[in-house]
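# Structure assessment
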There are 2 protein chains.
Amino acid sequence: MKTINILLLGYGNVGKAFVRLIHDKQDLCLNRHRLLLRFGYVLNSRGALRLSRESEGKRFLADSVSGLKLELHPGWESGKHFRDVLECRELDVLVDCTPSNIWDGEPAIGYTRRALERRLHVVTSNKGPLVVDFDGIRRKAAENRVSLGMSGATAAALPTLDVALRSTAGAEISRVEGILNGTSNYILTRMNEGIKYSDALREARESGIAEPDPSKDVEGWDTAAKLLIITNAVFETAFTLEDIHVEGITGIPLPLMKKTKGREKKIKLIGRCFHDGEEIKLETGLSLLDPSHPLYWVDGTQKGITFFTDTMDMITVSGGKSNPLGAAAAMLKDIINIYRLD
Amino acid sequence: MKTINILLLGYGNVGKAFVRLIHDKQDLCLNRHRLLLRFGYVLNSRGALRLSRESEGKRFLADSVSGLKLELHPGWESGKHFRDVLECRELDVLVDCTPSNIWDGEPAIGYTRRALERRLHVVTSNKGPLVVDFDGIRRKAAENRVSLGMSGATAAALPTLDVALRSTAGAEISRVEGILNGTSNYILTRMNEGIKYSDALREARESGIAEPDPSKDVEGWDTAAKLLIITNAVFETAFTLEDIHVEGITGIPLPLMKKTKGREKKIKLIGRCFHDGEEIKLETGLSLLDPSHPLYWVDGTQKGITFFTDTMDMITVSGGKSNPLGAAAAMLKDIINIYRLD
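To start, this report covers the structure provided alongside it. (Residues numbered from 1 in each chain as written. Chains lettered and ligands numbered in written order. Predicted model: local features only at pLDDT ≥ 70, side-chain atom pairs only at ≥ 80, totals over all residues. Heavy atoms only, no water.)

### Focus on the sheet that holds strand β9 (residues 244–246) of chain A
Applied cut-off: Paired strands are those between which DSSP finds at least two bridges. A run of H or I in DSSP counts as a helix once it spans at least four residues, and a run of E counts as a strand once it spans at least two, with each numbered from the N terminus. Angles here are taken between N-to-C directions and fall from 0 to 180 degrees, while the axes themselves are lines fitted to C-alpha atoms, restricted in helices to the stretch in contact. The contact definition used throughout considers only heavy atoms, calling two residues in contact when any of these lie within 4.5 Å.
Taken in spatial order, the twelve strands make up an open sheet running β9(A)-β11(A)-β10(A)-β8(A)-β12(A)-β13(A)-β13(B)-β12(B)-β8(B)-β10(B)-β11(B)-β9(B), and their pairing is mixed. Looking at the sheet topology across the chains shown, the edges are occupied by β9 of chain A together with β9 (244–246) of chain B. Mean inter-strand twist for the sheet, computed between neighbouring axes without regard to direction, equals 15 degrees. One ladder, built from three bridges, connects β9 of chain B with strand β11 (residues 279–289) of chain B; its direction is parallel. Paired with Val246 of chain B across the bridge in β11 of chain B is Thr284 of chain B. Strands in contact with helix α10 (residues 221–235) of chain A are β8 (173–179), β9, β10 (266–276), β11 (279–289) and β12 (304–309) of chain A; relative to β11 of chain A, the strand with the most contacts, it is inclined by about 140 degrees. Against the sheet, helix α7 (residues 182–192) of chain B makes contact with β8 (173–179), β10 (266–276) and β11 of chain B, and its axis sits at roughly 130 degrees relative to β10 of chain B, the strand it touches most.

### Description of the sheet that holds strand β3 (residues 47–50) of chain B
Residue and element names in this part refer to chain B. The mixed open sheet is built from seven strands, whose spatial order is β4-β3-β2-β1-β5-β6-β7. Unpaired on one side and paired on the other, β4 (76–78) and β7 (148–149) mark the two borders of the sheet. Relative to strand β5 (residues 93–96), strand β1 (residues 2–9) runs parallel, the two sharing four bridges. Considered in β5, the bridge of Leu9 is made with Asp96.

### A word on the packing of aromatic side chains
Heads up, the rule is: The pairing test for Phe, Tyr and Trp rings, Trp by its six-membered ring, is centres within 6.5 Å, and the orientation test on the planes gives stacked under 30 degrees, edge-to-face over 60, and tilted for anything in between. Accessibility here uses a 1.4 Å probe with only protein chains present; expressed as a share of the type maximum, an area under 20% marks a residue as buried, one over 50% as exposed, and anything in between as partly exposed. Throughout this description, the term charge over a ring refers to an Arg CZ or Lys NZ atom that lies within 6 Å of the ring centre and within 35 degrees of the ring normal.
In the structure shown here, the tally under the stated rule is 13 aromatic pairs over all chains. Their ring planes at 75 degrees and their centres at 4.6 Å tell us that Tyr296 of chain A and Trp297 of chain A sit as a pair that is edge-to-face. The buried category is assigned to Tyr296 of chain A, whose relative accessible area is 7%. Grouping aromatic residues by their ring pairs yields a cluster made of Tyr11, Phe18, Phe39 and Phe60 of chain A. Across from the ring centre of Phe308 of chain A, 6.0 Å away, lies the NZ or CZ of Arg175 of chain A, which sits over that ring. The ring of Tyr296 of chain B carries Lys266 of chain B above its face, with NZ or CZ at 4.2 Å from the centroid.

### Brief notes about the packing of helix α6 (residues 160–167) of chain B against helix α10 (residues 221–235) of chain B
Residues and elements named next belong to chain B. Applied cut-off: When describing relative orientation, an angle under 35 degrees is termed roughly parallel and one over 145 degrees roughly antiparallel, while 65 to 115 degrees is termed roughly perpendicular and anything else oblique. Three classes are used, and their members are as follows: Ala, Val, Leu, Ile, Met, Phe, Trp, Tyr, Cys and Pro are nonpolar, Asp, Glu, Lys and Arg are charged, and the others, Gly among them, are polar.
Packing of α6 against α10 leaves a shortest axis separation of 10 Å and a crossing angle of 10 degrees. Classed by the angle they form, the pair α6 and α10 counts as roughly parallel. Together, Thr160, Leu161, Ala164 and Leu165 of α6 and Ile230, Ala233 and Val234 of α10 make up the contact between the two elements. Within the contact of α6 with α10, the residues separate by chemical class into six nonpolar, one polar and no charged.

Now the structure itself:
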């Protein structure tokens, strides 16, 4: 049995879901993978909860189900900062559940770099650092011989990088196409059914599918960010957001919308990268798909991704929960796969 | 760089495709994965080709493209048997490309066991040994601390076990449903379009989709064999073919066929395992799917599989080439993943 000490960064919706998930899955991790997962520290913007003794860790997990605030636990240290916490020698993995800032990656990008330098594995649902400095972070991980778990930042429970890096190993991927954002796909699905954009957006907001500010989703930036990370991981490139032509679903031209009427076609927001002669090109934009395309069938809040390969043909994955539990499950998967022996 | 010495068993369609693939992918394996893949021995039922020197190996790879018979290579040893070859200390992986005998697993089952005892990793497209004695073979691999690459025997280029064992690690799978046989799915797709069974089968034969004797495909046994291996791998069970209720596509009741008429429903041959209270049940048979089922859309010679999980929702993979190249690519993938360091 191996004990894994987790430094959890961020205790919002995803962080809380992750703690509850570890609570629920402790026996499975122990019995099936011989891993004892425990929290060493839990940080939010106001301070840190230190869980040194086993009894404290157990109590924290039990209390997480009832939703007790971090500040009310006995080990709470108000104002404690990330750099102080990192001095603790018993930490193995940084789990970053802070919100994605895809414009400058802050503040998570600094935490990520420092954690890698201290030889912690990093498992993250935060796209920011990977979008802003993929190449630098990958190199830092390699230099320090630690792993980067990026599933939580690349469509979470939908296995995008697993398929791209492991299931197609030995094949050449020439093209990747993905429906990578659940909110915009939901809105487009409703529009393909004849509903107006504004009504579909309101519906998505009212049902909790869209965030209060859905701009990153509907303007294509969330799709572009995931596409960027996937492309850099698959092709070992160092693209940044500036290299992507980004289009969202906010201004669908009427002639395009009309092309779906009465025909078997659907408009989808596709993130796409492909070899164009010598270069790799990236773009996020609207595409008119017909039923022969495997992503035509990915509707509602579902996501999906298709890899075009030379020796294995097309491989498409779809589904995977798009909520905090799905993100948490993707991070737990990455931790198990970092430590697994088989 | 690591040199991997392969013992190739079987030089039919899949074996030849595997050799050509290694020829084509040597640079990729070397540059991306630091693996030099070479053949130490190639065996068929008439003898063995020994490739001791590097120049011999290179020539064999080059000649494989032109289709030169094994017997015409300089290192050919007529009548040489598997047990003699296994004494060669420089072998690392057995790649088994012999035809599947799912009834008693012979002769491959003996070869598989002996290779594992000699601490060779085993990568296989042969379902026979895994269907007949999954538990024994898994134990033997574990005892000898070597890996079993089963992708070639579980729908090949379609990543079934990768998703089940790695991409859903930490989640509980409650149910697996798959379209696991391309020939029967092609015939059913044509029948769903209104063609009679006998005409669809003739069409499949004429276009080379169906084998001359397609009985294992159309009677459901190929689906059942793959389902069995996947189930035993996912749930760590020791089921055998006798535990599966097997139904094929040869006798579709007219009332069932009529239910697809004018409605949005399709008949599919589904291999399925699920928790039924306390027990895990396995069955292969006809199902009427509606468009809300992710496998509804898997048509023609395509395959697909859906995993129902607790924390990640449903995850479906579809596509993947169904031919000797696809099987070869799946085995190369397994070899890379056995030796990869990241």
